[in-house]
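A structural walkthrough
Spelled out, the chains give:
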Amino acid sequence: MKKSLIKILSVIIVVLFLLPIVYTLLHSFMDAYQVKSYTASFLPKVFSLHQYLKITQKMEFFKLYINSIVISVSTIIGQLIISVGAAYFFSRTKSKIANAIFTIYVFLMILPLQITLISNVFLYNGIQRYIGITIFDTKFAVILPGVFSTMGVFFLKQFFSSMPENLYEIARIDGASNFQILTKIVLPYSKNSIFALCALNFIESWNIIEQALIFINTPSKYPVSLYLNTLYANDRDVFYAGSILFIFPVIYLVMKSKEKIKNMIVENRRIV
Amino acid sequence: MMMRIFDKISKIFFAFICFIVILGMVFLSIRNYTTPIVSSVVVSPNGKIESKYYLNGVISSGNNKVVEVKAARDMDISDVNIKTDQIVEGGQKLFVLDMSKSTSDKRAKQDTINDEIYNEQLKLDKMIKSLEKTANRQINNIDNFNSNEGVSVYAISDGKIKNLSISEGKKVTDNIISNIIDDNLLKISFKMTGNEFPNISVGQKVLLTFTGYEGYYDGEIISINPNAVPDKDKISFLYNGVILAKNPGLISPGVSVGVSTQRDGQVAATLTYSGTVESYSEQSPVTTEVYSNSNMDIYATKVLVIEGETVKKGQKIAELGGDDLINYFNESIKSIKDKQKVISNLRKDINELYGDTLTFNTESSFKMDDDGACKISDKIYVEYVAEKASLREGETILRYRVYDNSSMQIKLMIDAKTYKSMPTTVYYGTDMWNMNTTTKLIGVKEFAKGYEVSFEHDEKYLAGLSLNDNVILKFSIEDRFENVIPKSAIVPIGRIAVGSSGYVYIISQEESILGDVDVLSEKRVTIKAVGNENVAIEFDKNFYNRGKDIVIVNFIDSTLKDGMRVRLK
């Protein structure tokens, strides 16, 4: 009974989650006339690829699409570098200072986004004023907070800590340095976790809204996530295709990495 | 199974999505090559406009006196021998008016009036002659006749004043004012008895003796009365005769004269009865018509001779005057003028019978004969001649200018704006490619619609031109304007002309999602000046000029639209 209830509840939740995606998907195959009409309909009367073909000429969309790719990939690469290094440090260092810093990291992770936004604004102002480097209204303004996100450090630190201690010792006996241990042993061993982290980071940075709105003023530097609203207002006949194109990388990535993410979450949960 | 199908479908769909994304990015990457390329120019904020003006002028006569001949009444033209812009030699028949509308009734009336005029004219002539006789002077114009001058009396022959009957300030009492005598010859009357009569004949020379004068003086019998008259005693009959003889001295009438017949210069026989000097041979009475013609009181206002004074023929003897005389003259003048008025009115009646045929705005040598044929003695340039056969009163039949070959000019009509910008020296020629000769402005006339300007024309500079030939005048003006662009950068509404409107496409860099892009902005402008290659424009007042230099599209074609993205060449 309890299992059935859970199953039913799961189905309902799945349906609720999938419904917008399916709705968008089906609308993306509607023709412009049906899309613009005010009569509610779920299924396309005529299956049409018109929206997909037309959006190819919407160069603004793909310009911002590229922006989103740049922001996401940059964030992922940056965060990987930072997170792997920091996580390795925290996992291998047993000092009180390291623990204290890691505690701060964990504390920052639980802070709401809005709180860190304000501090980021202060930071960028300070950098511009005292160092002379302008970060506002550049892609770095949204990339850097993602790069220094504490979530990756936390997850990788947990994973690196869970690795068998023998591996480290054998490597040290063989005369490997920390960098060699990290690159030759730790990273290959934790590639699934890293991939899962990358996937999560990608999803987060791909869907970025608030940071971009606050830090970027030039429309040409916006991520595509900010453009969907404009697309709905001005070009509704291509909006649904645009939405599908927007969510496509996320869905694809999720489908490709769902097992790895699940394993990482399970692993972390086990460690924690 | 279902999962496999789903997997396949999802793979296909993902592949499709990938294709769309790649296609979109390809389009994005080649967008720079698909945007229209335009060339641009910068609006010159203080640009030069050189405007070349080509004006058409006509060689015309420098004689500005235009004679305009108009119909004084409704009339028909039976024949026109000239045409507009023709040069007509003097004496050539210009046109013929139809005079057939003069009806017989009118002609009869005209004859009657002419008779009346003739009669009245006779009366007038008589009155004038009478006045001339009375006033003793010739009257050429009655208006110049001065009544206060009175009457002057002149000597009618050479001689001596005799029996002068007037004196200054005294009333004239006789119509004979004086006699003018020739006292060199005497008329002597004599008598003959019946015995003497047969021996005496007319033309016979006789010898005369005068009391107080010694010797004999010659005489000649000039007349004999053959009819005998009884003597005073009535005993016998006597015959009378007249002898003409030279005055030996101061012999005057009444003196007794002895008469003898002669033979060979010697006394043959002395007549029984002596003769008597009757008068001088020539005796002219000086009379005045004033006295004889009226009962006026005439006074001698001036007497210029004295008794016995020798005068010459035509010499003024005296002046007569007085209130009665002045009144008489005034009344005569009034009568003459009244008569002249009567005749004038009769002539007007004739004119009114037909009306005037033609009117002229100025004097001319224009002549029309009785048949209606019109000619002019001058060589003329016909500016206009009526082509239609029937004309209404006041319509122009002919407008001409006396041809003066020595003072030809170039004339043309231009508007006020052109006139104000036109220099006083311009190029001119017969075609646009041969305009090396300059000419100077010599005259301007202002009209409601513009200006008629005259330029000098000299045969030595541009030979071969004759009246009414066309010439082209050229001048250029350089001016500076605020916004100057090439003509190719404007899309005119209508033709490119001062005051007309048009559109220009301003290129502005706009910040867009795709970055900075060049976007066209359609702006309405007003053309302020037109040069040969450039135009000066004025933007609408609501146009906000964001930059100092406005870049606009050059070589506009119709594919440009407001808001279009373009690439600058």
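The numbering scheme is per chain: residues are counted from 1 as the chain's sequence reads. All chains are assigned letters beginning at A, and all ligands numbers beginning at 1, according to the order in which they are written. Selection of residues for local features in this predicted model requires a pLDDT of at least 70, selection of side-chain atom pairs for listing and counting requires 80 or more, and totals for whole chains, interfaces and linings are taken over all residues. Side-chain calculation: all heavy atoms of the structure are included, whereas hydrogens and water are not.

What follows concerns the overall build of chain A. The secondary structure listing takes helices from DSSP runs of H or I that are at least 4 residues long and strands from runs of E that are at least 2 residues long, numbered from the N terminus. Along the backbone of chain A there are 14 helices and zero strands. The linear arrangement of helices and strands in chain A, starting from the amino end, is α-α-α-α-α-α-α-α-α-α-α-α-α-α. Type-normalised accessible area, obtained with a 1.4 Å probe on protein chains alone, sets the label of each residue: buried when under 20%, exposed when over 50%, and partly exposed for intermediate values. Among the 272 residues that make up chain A, the fraction classed as buried is 42%. We call two residues contacting when some pair of their heavy atoms lies within 4.5 Å. Of the contacts formed within chain A by residues at least 6 apart in sequence, a portion of 69% connects residues at least 24 apart. Surface accessibility follows the Shrake-Rupley procedure with a 1.4 Å probe radius. Residue values consider only the protein chains on display as shielding. Here chain A has roughly 15300 Å² of accessible surface; of this, 68% comes from carbon and sulfur atoms.

To continue, consider the overall build of chain B. Looking only at helices and strands, chain B features six helices and 37 strands. In chain B, which comprises 569 residues, the proportion classed as buried is 37%. Here the analysis covers contacts within chain B between residues at least 6 apart in sequence; of these, 70% occur between residues at least 24 apart. Just so you have it, chain B exposes about 33000 Å², and 48% of that area is on carbon and sulfur atoms.

So, on to the interface of chain A and chain B. Contacts between chain A and chain B engage 25 residues on the former and 20 residues on the latter. Of the roughly 2000 Å² buried where chain A meets chain B, counting both sides, 86% is carbon and sulfur surface. Across the pair Arg 565 of chain B and Glu 60 of chain A runs a salt bridge, and its minimum N-O distance is 2.5 Å. Elements represented by at least two residues in the side of chain A that touches chain B include exactly helix H3 (50–55), helix H4 (59–92) and helix H14 (236–271) of chain A. Ranked by the residues each element gives to the side of chain A that touches chain B, the list is headed by H4 of chain A, at eight residues. The residue classification treats Ala, Val, Leu, Ile, Met, Phe, Trp, Tyr, Cys and Pro as nonpolar and Asp, Glu, Lys and Arg as charged. All others, Gly included, are polar. Of the residues belonging to the side of chain A that touches chain B, the class tally is 19 nonpolar, four polar and two charged. Reported buried area values correspond to the accessible surface (1.4 Å probe) lost by two parts on association, with both partners' losses combined. Here a salt bridge means any side-chain nitrogen of Lys or Arg lying within 4 Å of a carboxyl oxygen belonging to Asp or Glu.

This part covers the sheet that holds strand E26 (residues 408–414) of chain B. Strand pairing in a sheet takes place through backbone hydrogen bonds and is either antiparallel or parallel in direction. All names here are of chain B. A pair of strands is treated as paired once DSSP finds two or more bridges between them. Strand order in the closed barrel formed by six strands is E2-E26-E29-E28-E27-E30, and the pairing between neighbours is antiparallel. The mean inter-strand angle of the sheet, taken between neighbouring strand axes irrespective of direction, is 40 degrees. Relative to strand E30 (residues 470–481), strand E2 (residues 47–61) runs antiparallel, the two sharing 12 bridges. Bridge pairing in E30 places Asn 56 opposite Ile 472. Convention adopted: a line fitted to C-alpha atoms gives each axis, helices being fitted over their contacting stretch, and angles between N-to-C directions are expressed from 0 to 180 degrees.

Turning our attention to the nonpolar core. Only buried Ala, Val, Leu, Ile, Met, Phe, Trp, Tyr and Cys residues count toward a nonpolar core, and they belong to the same one when joined by side-chain atoms within 4.5 Å. Judged by nonpolar contacts, the single largest core of 55 residues is most densely connected at Phe 61, Phe 160 and Leu 245 of chain A. Broken down by element, the residue count for this core peaks at 11 residues, all from H14 of chain A. Domain borders in the structure are assigned automatically or taken from a domain database. Two domains share this core, each providing at least three of its residues, namely domain 1 (1–34) and domain 2 (37–47 + 481–568) of chain B. In this structure Phe 61 of chain A touches Ile 55, Val 224, Tyr 227, Leu 228, Leu 231, Gly 242, Leu 245 and Phe 246 of chain A, once residues within four positions along its chain are discounted. Ranked by size, the runner-up nonpolar core spans 34 residues in total, among them Ile 161, Val 172, Val 311 and Ile 336 of chain B.

Okay, the side chain of Ser 190 of chain A next. Inspection of the secondary structure puts Ser 190 of chain A in the loop between helix H10 (178–189) and helix H11 (191–206). Ignoring anything within four residues of it in the chain, the contact list for Ser 190 of chain A reads Phe 159 and Phe 160 of chain A.

Attention now goes to a positive patch on the surface. Patch membership needs two things, relative accessible area over 30% and no salt bridge, and members are linked within 9 Å if like-charged or within 5 Å if nonpolar (Val, Leu, Ile, Met, Phe, Trp, Tyr). The charged-residue count follows a simple rule in which Lys and Arg add positive charge and Asp and Glu add negative charge, with His and chain termini not counted at all. Every charge is mapped to an atom, namely NZ of Lys, CZ of Arg, CG of Asp or CD of Glu. Taken together, Lys 256 of chain A together with Arg 4, Lys 8 and Lys 11 of chain B make up a surface patch of like positive charges. By residue number, the principal contributor to the positive patch is helix H1 (residues 2–29) of chain B, which donates three residues. With respect to the secondary-structure elements, Arg 4 of chain B resides in helix H1. Classification of Arg 4 of chain B by relative accessible area gives exposed; the value is 65%.

With that out of the way, let us pick up the packing of aromatic side chains. Under the pairing criterion, centres of Phe, Tyr and Trp rings, with the six-membered ring standing for Trp, must be within 6.5 Å; the plane angle then separates stacked pairs below 30 degrees from edge-to-face pairs above 60, leaving the rest tilted. If you walk through the whole model with that rule in mind, you get 34 aromatic pairs over all chains. Ring geometry for Tyr 124 of chain A versus Phe 215 of chain A: centroids 5.0 Å apart, planes at 70 degrees, classification edge-to-face. With Tyr 124 of chain A in helix H6 (residues 113–131) and Phe 215 of chain A in helix H12 (residues 210–215), this residue pair connects regions lying 91 residues apart in the sequence. Seen in terms of ring centroids, Phe 239 of chain A and Tyr 240 of chain A are 5.1 Å apart; in terms of plane orientation they differ by 70 degrees. Their pairing is edge-to-face. With respect to burial, Phe 239 of chain A and Tyr 240 of chain A carry one shared label: buried. Throughout this description, the term charge over a ring refers to an Arg CZ or Lys NZ atom that lies within 6 Å of the ring centre and within 35 degrees of the ring normal. Positioned above the aromatic ring of Tyr 232 of chain A is the side chain of Arg 236 of chain A, whose terminal nitrogen or guanidinium carbon lies 4.6 Å from the ring centre. Seen from the ring of Phe 329 of chain B, Arg 137 of chain B lies directly overhead, with NZ or CZ sitting 5.8 Å from the centre.

This next bit is on the pairing of strand E9 (residues 176–192) of chain B. All names here are of chain B. Bridging between strand E8 (residues 159–162) and E9 involves three bridges; their strand directions are antiparallel. Residue pairing across strands places Lys 162 opposite Asn 179, the latter belonging to E9. Pairing geometry for E9 and strand E13 (residues 237–246), over eight bridges, is antiparallel. Its bridge partner being in E13, Leu 186 is matched across the sheet by Ala 245.

Moving on to the pairing of strand E33 (residues 501–512) of chain B. Residue and element names in this part refer to chain B. Two elements, strand E32 (residues 491–492) and E33, share two bridges in a ladder whose sense is antiparallel. Paired with Pro 492 across the bridge in E33 is Gly 502. Pairing analysis gives 12 bridges linking E33 to strand E34 (residues 515–530), with the strands arranged antiparallel. Considered in E34, the bridge of Glu 510 is made with Val 517. Hairpin connection from E33 to E34: two residues lie between these consecutive antiparallel strands.

For the rest of this paragraph, the subject is the environment of Ile 177 of chain B. All names here are of chain B. Mapping Ile 177 onto the fold places it in strand E9. The buried category is assigned to Ile 177, whose relative accessible area is 0%. Residues Ile 177 and Thr 287, 110 residues apart in the sequence, show an inter-C-alpha distance of 5.5 Å.

Time to look at the confidence of the model for chain A. In regions of low pLDDT, the predicted coordinates are not meant to be interpreted in detail. Per-chain confidence: chain A averages 87 in pLDDT, with 97% of residues scoring 70 or above. Every residue carries a pLDDT, the predictor's confidence in it, which falls somewhere between 0 and 100. When pLDDT is averaged over each helix and strand of chain A, the minimum, 79, is found for H14 of chain A and the maximum, 92, for H4 of chain A.

Moving on, we get to the sheet that holds strand E7 (residues 151–154) of chain B. Residues and elements named next belong to chain B. Strand order in the open sheet made by the three strands is E7-E19-E17, with antiparallel pairing throughout. Each edge of the open sheet carries a strand with a single partner, namely E7 and strand E17 (299–303). Across the sheet, the axes of successive neighbouring strands diverge by a mean angle of 30 degrees, strand direction being ignored. Here E17 pairs with strand E19 (residues 316–321) via four bridges, running antiparallel.

Taken together, the side chains of Asp 111, Asp 115, Glu 116 and Asp 349 of chain B present a region of like negative charge at the surface. The biggest single contributor to the negative patch is helix H3 (residues 104–135) of chain B, with three residues.

Right, let's get into the packing of helix H9 (residues 165–173) of chain A against H10 of chain A. Residue and element names in this part refer to chain A. Between H9 and H10, whose axes approach to 10 Å, the crossing angle comes to 140 degrees. Along this stretch, H9 crosses H10, giving a crossing that reads as right-handed. Contact residues: Leu 167, Tyr 168, Ala 171 and Arg 172 in H9; Asn 178, Ile 181, Ile 185, Val 186 and Tyr 189 in H10. In the contact of H9 with H10, the residues fall into seven nonpolar, one polar and one charged. With the far helix as reference, a near helix turned anticlockwise by less than a right angle produces a left-handed crossing, and one turned clockwise produces a right-handed crossing.

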